[in-house]
Each structure stands twice: as structure tokens, then as C-alpha cells.
Amino acid sequence: MKEIRDINMLAIESSCDETAAAVVHNGREVLSNIISSQIDLHKLYGGVVPEIASRKHIEKINQVIEEALKEADVTLDDIDAVAVTYGPGLVGALLVGVAEAKAIAYARNLPLVGVHHIEGHISANYIEHPDLEPPFLCLVASGGHTHLVLVRDYGNYEILGRTRDDAAGEAYDKVARAIPKIDRIAKEGNPDAVSFPKAHIEGAEYDFSFSGLKSAVLNYINGCKMKGESYDPADIAASFQKAVVEVLVEKSMKAAENSGIYKFAIAGGVASNTALRAAIKQACEERQIRFFHPSPVYCTDNAAMIGAAGYYEFLAGTRHGWDLNAVPNLKLGER
């Protein structure tokens, strides 16, 4: 493991619809983790409205930072560096967090560390697993991203596979408009009731595609309605979830076997899905692969994961200037 330095990191996350701040000690000890969610507000519109998200971040960001410092029982005098998500994400939302982080760092003469959002999700695994060190494989599955990543070292990533269209979480979100609470009701359904397609991409064995699956589920439901036929939402939810999980597990285990790396982690919002966790855990046990996963609170967008990633970037010498900007399409591994 890299040299441990005694660092209190103030971390800020505002890439989508959660305004979050945390204080993280030495990259793995969370002293506070405050999240202000906008989920109920955006439900009225059927999805995140970027302009509304940005305005809410402006309203909440000072408050969540104050709460994070208070809960950690520290002041800005005790902070050694400021970490902030600067991409990818909604540009207006990102700008709020970046501007706040730059203002605090400038006013207090503190180092500023910009963090990649997906790097944050991967680093969430460090928080509860003190024995986890690179190299390892990580499946990042969220509303905006599905990546299969080889973590070669802290801050050193190779993307083995990615989605070609919809992310796994995006497919879940769109199907959930027709069948709410998929994870819960799928437990009551028959996963073999409907055979939904699983995409395999020629020449890219680790890449994913969920657009066709999403369309097949919605077309099946609409077809039943047009014909006046009844259908069981629990069966559809279970069958859809089986198709998603089987693809994620199959490609993940193939990557583990081919790479010879027997440490596997999951991250991102979909990583809190109970069926996915259970399937990957079983697959890892069958292959004697060590399995790591964050608690659900660290799977969704939060600032503690940004503090964890920011710490290792700080140790690696990453520093950003006052020209740090939001980069909505930032690629993993870019600086």
C-alpha cells in the first residue's frame, strides 16, 4: 500500500441530483457523509431536469458542507485538502460543486483535487474493505454507466468493457416506469416466465448493450395491452432482471478468468440490487474469487467515495488549479 499520510479530506459531489459533502480521514475512514437528495422533486417530471437540479444544488451546497463539518466534529482549520467531482455528469450540476470547492480551497489556501465520478464509485469499496488493494476488477453499474474496469493501481484504470447504448441502470429506470419497484417484486415472480434477449457484441467480448432488452420488455407489455391479454408484473420484472444479471455476471467472470485476477468488486447504484449481488457472490465463490462490495449508502452518489478517491489522487500528486472546470463527458483515466 502507498505511504499513509494523515489527511482530512473535505469532499463534494454534485454530478446529478444529490448534493453531498463528506469528511474522509486517510481515504478510508468516513467521519461524515451528508446527502441531500432531489429524487422526490424530479419524480414529478419522470426524470432528472438539469436546470432544476442545478438550482437545488446552489440552495443546498453550503448547508450540506456545514453539516458534514459539524458531524465530523471538525472545522475548515482541520481540513488538509478539498476533493470535488468535476466529471462526468450534468454540466450545470457539476459547476456548482466545482465552484464551491475552488472557493473553499482558495479562501483557505488548500490543495484542490478534481475527481472522476466513476473513480469515486470504484473507490467506495476502499471505505469498508481495509484489506482491498489493487490490482482488482470492478463492475461499475449505475444509471449512466456500465463499465468493466481493471484497476491496475490507485488512479490507474483500464476499461475492459463498456455499454454501447443504455447503461444497466438506465434500462432499469425506463422499465421501472412501466413496472415500479423491480428489485422488490422480482422476488415474487418467475424469472423464466418470459425469454428476453441478451445482446452479444461481435469482437468485443466485455462490452454491454441493454437498449434491445429494454425495448423488448416495453414492447411485450404494450403488446399484451393491445391484445387485451393479462400479464404478471412480477414475472416480467423477474425475467427482465434475470436477463440483465446474467449478462453482467457472465462478462465479469470471463474477465476475471482471462485476466487471472481473483479479486472482484462492484460499484454504482445498480450494485445495491440484491439479485445482482447474490449472483456475483455465488459466481465468485464457485471460482474462489474474493468478492467486495460497498454498503448501499456508498453505491448511490455520495461524497465519501469522492473523498476516498481524492485521497489517493492527492498522494499521487494530483493538484488542480483555479481553472478547474466541469467536464460533463470526462473519460476515466483522463486528467
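Further up the page is the structure itself.
Residues numbered from 1 in each chain as written. Predicted model: local features only at pLDDT ≥ 70, side-chain atom pairs only at ≥ 80, totals over all residues. Heavy atoms only, no water.

Caption draft 1: Fine view of the sheet that holds strand S1 (residues 8-13). The mixed open sheet is built from five strands, whose spatial order is S3-S2-S1-S4-S5. Whereas interior strands pair on both sides, the edge strands pair on one side only; in this sheet they are strand S3 (29-37) and strand S5 (112-116). Taken pair by pair, the neighbouring strands of this sheet meet at an average axis angle of 20°, ignoring direction. Against the sheet, helix H11 (residues 304-315) touches S1, strand S2 (18-25), S3, strand S4 (81-87) and S5, its axis set at about 125° to S1. (Pairing = 2+ DSSP bridges. Helix = DSSP H or I, 4+ residues; strand = E, 2+ residues; numbered from the N terminus. Axes fitted to C-alpha atoms, helices over the stretch in contact; angles between N-to-C directions. Contact = heavy atoms within 4.5 Å.)

Caption draft 2: Focus on the pairing of S4. For S4, a buried count of seven out of seven residues is recorded, marking the element as mostly surrounded by other parts of the structure. For S1 and S4, the ladder comprises four bridges, and the chain directions are parallel. Looking across to S4, one finds that isoleucine 12 is bridged to valine 84. Of the strand pairs in this sheet, S4 and S5 are connected by five bridges, and their pairing is parallel. Each residue of the ladder has a partner; that of alanine 83, found in S5, is valine 113. Crossover S4 to S5 through helix H3 (residues 91-108) is right-handed. (Buried < 20%, exposed > 50% of the residue type's maximum accessible area, 1.4 Å probe, protein only. Right-handed = clockwise from strand over helix to strand, strands pointing away.)

Caption draft 3: Molecular detail of the packing of aromatic side chains. The tally for this structure, following the rule as stated, stands at nine aromatic pairs. An angle of 85° between the planes, with centres 5.4 Å apart, marks the rings of tyrosine 106 and tryptophan 322 as edge-to-face. Taken as a pair, tyrosine 106 in helix H3 and tryptophan 322 in the segment after H11 lie far apart in primary sequence, 216 residues in all. On the basis of relative accessibility, which here comes to 44%, the residue tryptophan 322 falls in the partly exposed class. Taking 5.0 Å as the distance between ring centres and 80° as the angle between the ring planes, the aromatic pair formed by tyrosine 311 and tyrosine 312 counts as edge-to-face. Classification of tyrosine 311 as buried rests on a relative accessible area of 1%. (Phe/Tyr/Trp six-rings, centres within 6.5 Å; stacked < 30°, edge-to-face > 60°.)

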